[in-house]
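# Fold and contact review
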2 protein chains.
Amino acid sequence: MHKDMTYDEYRHEVKEGILTEAGNCPVTPLLLMLQGKWKFQILYELFIQDPIRFGELKKNINGITNTMLASSLRELEKDGLVSRMQFNEIPPRVEYSLTEKGQALLPVFYEMTKWGFQYIP
Amino acid sequence: MHKDMTYDEYRHEVKEGILTEAGNCPVTPLLLMLQGKWKFQILYELFIQDPIRFGELKKNINGITNTMLASSLRELEKDGLVSRMQFNEIPPRVEYSLTEKGQALLPVFYEMTKWGFQYIP
DNA sequence: CAGTATCCACCGGGATACTG
DNA sequence: CAGTATCCCGGTGGATACTG
């Protein structure tokens, strides 16, 4: 198994149970990182606008509270998907960006979107 | 936007905010379907072995209880990702399979796995 | 074997108020 | 503006016992 495996190689290894035999599912950490009601939408907003300020995120994500936005961003930052840039100005300004690791999730979003367009009426 | 869009088309539309302007995020329903602690692993086991019996699933998924396995399977079935085949035998036998809709999630798993191999140490 | 039926603990997440 | 500090509710999911 290698990071450049083709889709056919992947499908074959899944069928043979090779990935699980290794004992370490490579998908679990990502699932944990995306866990939580708002993580996905925050990342999605960052794909649209990067960098983006705290207030912009809050305005764009309908229904999110300060508390949840702040805590979600802190977790995404801890997981290395998002970086935080603080400017020491008055009034304060903080900008959030995707890291390379975070940007690399776009192909995952792409496949999910294709699936959605095909199977969700 | 169409289901056969290329990755570059997708990236462009995201950047332009076209998908959100439409108001209907095509990823949300999928995220809801995969919500829950065990859904992903159940689907993964089905990719490895299909069809698979209730007891096999329970044996392969470490720590899952009867309750959670049964309720998760019912939800996956309701969402059209998994189908349930009941044989009226003694002792009872029930086999679970991925539907076409469920099988079509493999490319999503593939991208997540590639990401994992590249970014998870 | 393949589930239900209950009961219950925990914590994710909402609401509100406050602050550097 | 960009957050914390509390408080609290509801629902997810765990444990256990039971059944066609």
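Model, not experiment: these values are computed from the prediction.

## Some remarks on the protein's contact with DNA strand D
Among the 19 residues in the neighbourhood of DNA strand D, the closest are listed as Arg53, Asn66, Arg84 and Tyr96 of chain A together with Lys37 of chain B. Taking all atoms of DNA strand D within 4 Å of the protein, the share assigned to sugar and phosphate is 73%. In the environment of DNA strand D, a base nitrogen lies 3.4 Å from a nitrogen or oxygen atom belonging to the side chain of Thr67 of chain B. Elements with a contribution of two residues or more to the surface near DNA strand D: α5 (54-60), α6 (66-78) and β3 (93-98) of chain A together with α6 (66-78) of chain B. Broken down by element, the residue count for the surface near DNA strand D peaks at four residues, all from α6 of chain A. Looking at the surface near DNA strand D, its residues break down into nine nonpolar, five polar and five charged.

## Digging into the relation of the copies chain A and chain B
Take chain A, turn it by 180°, move it 0.0 Å along the axis, and it overlays chain B with an RMSD of 0.1 Å. With respect to symmetry, the two chain copies, as superposed, fit the operation of a two-fold axis. Among all residues of chain A, the minimum C-alpha distance to the rotation axis is found for Val108 of chain A, at 3.0 Å. Taken as a fraction of all interface residues of chain A, those also at the interface in chain B reach 100%, which identifies the copy contact as same-surface.

## Section: the protein's contact with DNA strand C
Inspection of the region around DNA strand C gives 19 residues, with Lys37 of chain A together with Arg53, Asn66, Arg84 and Tyr96 of chain B positioned closest. Those atoms of DNA strand C that come within 4 Å of the protein belong to sugar or phosphate at a rate of 73%. A distance of 2.9 Å is found between a base nitrogen of DNA strand C and a side-chain nitrogen or oxygen belonging to Asn66 of chain B. Residue composition of the surface near DNA strand C, by class: nine nonpolar, five polar and five charged.

## Some points on the interface of chain A and chain B
At the interface, 44 residues of chain A touch 44 residues of chain B. Where chain A abuts chain B, roughly 4,700 Å² becomes buried across the two surfaces, and 76% of that area is made up of carbon and sulfur atoms. Inspection of the region where chain A meets chain B yields zero salt bridges. Across the chain A-chain B interface, the total number found is 12 residue pairs in polar contact (both at pLDDT 80 or more). Ranked by residue count, the leading element in the side of chain A that touches chain B is helix α8 (residues 106-119) of chain A, at 14 residues. Of the residues belonging to the side of chain A that touches chain B, the class tally is 30 nonpolar, six polar and eight charged.

## Considering the packing of aromatic side chains
The tally for this structure, following the rule as stated, stands at 12 aromatic pairs over all chains. Consider the rings of Tyr7 of chain A and Tyr110 of chain B, whose centres lie 5.3 Å apart with planes at 70°: the pair is edge-to-face. In this pair, Tyr7 of chain A is assigned in helix α1 (residues 7-15) and Tyr110 of chain B in helix α8 (residues 106-119), connecting two distinct chains. Taken together, the ring pairs in this structure connect Phe40, Tyr44, Phe47 and Phe109 of chain A into an aromatic cluster. The positively charged end of Arg93 of chain A is found above the aromatic ring belonging to Phe87 of chain A, 3.9 Å away from the centroid.

## What to know about the sheet that holds strand β3 (residues 93-98) of chain B
Neighbouring strands of a sheet are bound in pairs by backbone hydrogen bonds; such pairs are parallel or else antiparallel. All names here are of chain B. The strand order across the open sheet formed by three strands is β1-β3-β2, and the pairing between neighbours is antiparallel. What marks the edges here is a single partner per strand, and that holds for β1 (52-53) and β2 (82-87). Pairing between β1 and β3: two bridges, direction antiparallel. When the sheet's bridge partners are listed, Arg53 is paired in β3 with Glu95.

## Some thoughts on the domain arrangement of chain A
Here the domain parsing of chain A yields domain 1 (1-34) and domain 2 (36-117). Inter-centroid distance (C-alpha atoms) of domain 1 of chain A to domain 2 of chain A is 26 Å.

## Things to note about the environment of Tyr96 of chain A
Residues and elements named next belong to chain A. Mapped onto the elements, Tyr96 comes out in strand β3. A C-alpha to C-alpha distance of 4.8 Å links Tyr96 and Arg84, two positions 12 residues apart in sequence. Once you skip the residues sitting within four places of it in the chain, Tyr96 turns out to touch Leu46, Asp50, Pro51, Ile52, Phe54, Leu57, Leu73, Val82, Ser83 and Arg84. Polar side-chain contacts of Tyr96 include one of 3.3 Å to the side chain of Arg84.

Rules behind the numbers
All chains use their own residue numbering, which begins from 1 and follows the written sequence. Both sets of labels track the order of writing: A upward for chains, 1 upward for ligands. Given that the model is predicted, a residue must reach a pLDDT of at least 70 before its local features are reported, and side-chain atom pairs must reach 80 or more before they are shown or counted; all residues, however, enter totals for whole chains, interfaces and linings. In computing side-chain properties, one takes all heavy atoms of the structure into account and sets aside hydrogens as well as water. We call a residue near a given molecule or strand whenever any one of its heavy atoms falls within 4 Å of it. Here a polar contact is taken to be a pair of N or O atoms separated by no more than 3.5 Å, where protein atoms must pair a possible hydrogen donor with a possible acceptor and residues adjacent in sequence count only if both atoms sit in side chains. Going along the chain from the N terminus, every DSSP run of H or I of four or more residues is numbered as a helix, and every run of E of two or more is numbered as a strand. The nonpolar class holds Ala, Val, Leu, Ile, Met, Phe, Trp, Tyr, Cys and Pro. Asp, Glu, Lys and Arg form the charged class, and all remaining residues, Gly among them, are polar. Here the copies are matched by least squares. The fit uses the C-alpha atoms of residues with pLDDT of at least 70 in both. The contact criterion used is simple: two residues touch if any of their non-hydrogen atoms lie within 4.5 Å. Computed with a 1.4 Å rolling probe, the buried area is the accessible surface lost when two parts are put together, summed over both parts. When a carboxyl oxygen of Asp or Glu lies within 4 Å of a side-chain nitrogen of Lys or Arg, that pair is called a salt bridge. Any pair of Phe, Tyr and Trp rings, taking the six-membered ring for Trp, is counted once the centres come within 6.5 Å. Such a pair is stacked with planes under 30 degrees apart, edge-to-face with planes over 60 apart, and tilted for the rest. Whether a charge lies above a ring is judged from NZ of Lys or CZ of Arg, which has to be within 6 Å of the ring centre and within 35 degrees of the ring normal. Note: two strands are recorded as paired if DSSP finds a minimum of 2 bridges between them. Note that the domain bounds were set by an automatic or database domain assignment.

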